[in-house]
Amino acid sequence: LVLTMSHTPVVALVPAYQAAGFIQPTLDALSAQTHPALSVLVSVDACADETHAICERHAARDPRFRVVRQARRLGWVGNSNFLLSQARSEYALFAFHDDLLAPAYVARLAAALDADPLASVAYSDVLLTDAQGKQEHWTYTTLEGERLGINRGARVLERKGMWWVPIHGVFRMALARRIGGLKIHGAGEFSADWPWVFHLALQGAFVRAPEILCRKFYKPGSLSRSWAFTPQQDYEAHVACMREIWNSDLSTQQKVLLAAPLMQWLMQRQALAG
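Computed from a predicted structure; not experimentally measured.

Q: So what's going on with the overall build of the protein chain? Which residues, and what values?
A: Looking only at helices and strands, the protein chain features nine helices and nine strands. Whereas a compact globule of 274 residues would reach a radius of gyration of roughly 19 Å, the protein chain reaches 18 Å, a difference of no more than 12%. In terms of principal-axis extent, the alpha carbons of the protein chain reach across some 55 × 45 × 35 Å. Scored against the burial criterion, the 274 residues of the protein chain give a buried share of 54%. As presented, the protein chain carries roughly 12,300 Å² of accessible surface, and 55% of it is formed by carbon and sulfur atoms. Positive and negative side-chain charges of the protein chain, numbering 27 and 24 respectively, have mean locations separated by a distance of 2 Å.

Below you can see the structure in the form of structure tokens.
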């Protein structure tokens, strides 16, 4: 597939917190993007380090950047949803404060969305470097070629493959508004990106760029590394996916078909716990 240069407006949403030691390369990578219609919105959650000052200094050098400082702690989900509420572009992406994006990242993925009007998100492979320096190639191929929303949703619910990779992709803001953003559930912020990815899968096709365009660096305090991954947390994340089914645009029959095995799973886990 030959992709032409996209001129569709894209906003990079940067939820930042306690990132003074590593956010500058992330900002530099965003400034180096080749996409001609990119803007960057940074929301610095209430924190005690120099994250806000670093972001403000960078924004003074690059007029495409706008920085907002939160007066009170919103948390990862709240900060991400604030950014979504401020986004005005047709496409958007979460540019996490510990990610480094290749210069062609936004241009490549925006062009992929342009080429597939039925796609909800376009994403690349990710190279992870953990806090000990060990590297891992993340790729997600489970939904490639699947055009039926209920089938995509069922596969994401099974959590086969690295379902979290598309959270780094470029998505359509119109669909994000219909989903209603990320949501806190019974286990707080635990895996709140899973119901989000699940609902995106119900909304449209997933398009993968088979190359590493994003490099992620786990830090000692990375949020997902702090979760206990308990059975109760897992249960609540599944309940959150059930909520997304009923809030989706699927037909009633499709909702029942997708919800039935999930309900069976929830009842079995409840019986084991009770």
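Q: Account for unusual backbone geometry, with residues named and values stated.
A: The phi dihedral of Q18 is positive, around 45°, even though this residue is not glycine. By the element assignment, Q18 lies in the loop between β1 (10-16) and α1 (23-31). Of note in the backbone geometry, S191 takes a positive phi value of approximately 50° without being a glycine. Counting through the fold element by element, S191 comes out in the loop between α6 (173-179) and α7 (193-203).

Q: How would you explain the packing of helix α8 (residues 231-247) against helix α9 (residues 252-273) if you had to name every residue and give the values?
A: A pair of packed helices is captured by two measures, namely the crossing angle of their axes and the spacing between those axes. At a minimum axis distance of 10 Å, the contact between α8 and α9 shows a crossing angle of 160°. Classified by the angle their axes make, α8 and α9 are roughly antiparallel. Relative to α9, the crossing made by α8 is left-handed. Contacts from D234, Y235, H238, V239, C241, M242, I245 and W246 of α8 reach α9 at K255, V256, L258, A259, L262, M263, W265, L266, R269 and Q270. Grouping the constituent residues of the contact of α8 with α9 by class yields 13 nonpolar, two polar and three charged.

Q: Which residues make up the packing of helix α5 (residues 149-158) against α7, and what values do they have?
A: α7 packs onto α5 with a crossing angle of 160° between their chain directions and a minimal axis gap of 7 Å. Taken together, α5 and α7 sit at an angle that is classed as roughly antiparallel. Judged by the twist between their axes, the crossing of α5 over α7 is right-handed. Counting all contacts with α5, which are made through G149, R152, G153, V156 and L157, the residues of α7 involved are W194, V197, F198, A201, L202 and Q203. Counted by class, the contact of α5 with α7 contains seven nonpolar, three polar and one charged residues.

Q: So what about empty space enclosed by the protein? Which residues, and what values?
A: Scanning all chains against the criterion turns up one cavity of 30 Å³ or more. Counted as a void, the largest cavity has a volume near 40 Å³. Of all elements in the fold, only α7 and α8 reach the threshold of two or more residues within the lining of the largest cavity. For the lining of the largest cavity, the class distribution of residues is four nonpolar, one polar and three charged.

Q: Could you give me a rundown of the nonpolar core, with the residues and numbers involved?
A: Among the nonpolar cores identified, the biggest contains 88 residues, and V42 and W196 are the most heavily contacted of them. The element that contributes the greatest number of residues to this core is α7, accounting for seven residues.

Q: An account of helix α2 (residues 51-61) is requested, with residue identities and associated values reported.
A: Within α2 the residues assigned to the buried category are T51, H52, I54, C55, H58 and A59. Buried residues in α2, looked at end-on, bunch into an arc of 160°, giving them a common side. Looking at α2, the residues exposed on the side facing more than 90 degrees away from the buried face are A60 and R61. Residues of α2 that are buried make contact with β1, α1, β2 (38-44) and β3 (65-69).

Q: Summarise the layout of surface pockets; cite the residues concerned and give the values.
A: Here the second largest pocket is characterised by a volume of approximately 160 Å³. With five residues, the single largest contributor to the lining of the second largest pocket is α9. Per-class residue counts for the lining of the second largest pocket are five nonpolar, two polar and two charged.

Parameters and conventions
- Residues numbered from 1 in each chain as written.
- Predicted model: local features only at pLDDT ≥ 70, side-chain atom pairs only at ≥ 80, totals over all residues.
- Heavy atoms only, no water.
- Helix = DSSP H or I, 4+ residues; strand = E, 2+ residues; numbered from the N terminus.
- Rg over C-alpha atoms; globule rule 2.2 N^0.38 Å.
- Buried < 20%, exposed > 50% of the residue type's maximum accessible area, 1.4 Å probe, protein only.
- Areas by Shrake-Rupley, 256 points an atom, 1.4 Å probe, with all protein chains shown as cover.
- Lys, Arg positive; Asp, Glu negative; His and termini not counted.
- Charge placed at Lys NZ, Arg CZ, Asp CG, Glu CD.
- Axes fitted to C-alpha atoms, helices over the stretch in contact; angles between N-to-C directions.
- Parallel < 35°, antiparallel > 145°, perpendicular 65-115°, else oblique.
- Left-handed = near helix turned anticlockwise from the far one by under 90°.
- Contact = heavy atoms within 4.5 Å.
- Nonpolar A, V, L, I, M, F, W, Y, C, P; charged D, E, K, R; others polar.
- 1 Å grid on protein atoms, 1.4 Å probe; cavity = no way out; pocket = protein on both sides within 12 Å on 5 of 7 lines; lining within 4 Å.
- Points joined across faces, edges and corners; volume = space filled by probe spheres on them.
- Core = buried A, V, L, I, M, F, W, Y, C linked by side-chain atoms within 4.5 Å.
- Arc of directions from axis to C-beta.

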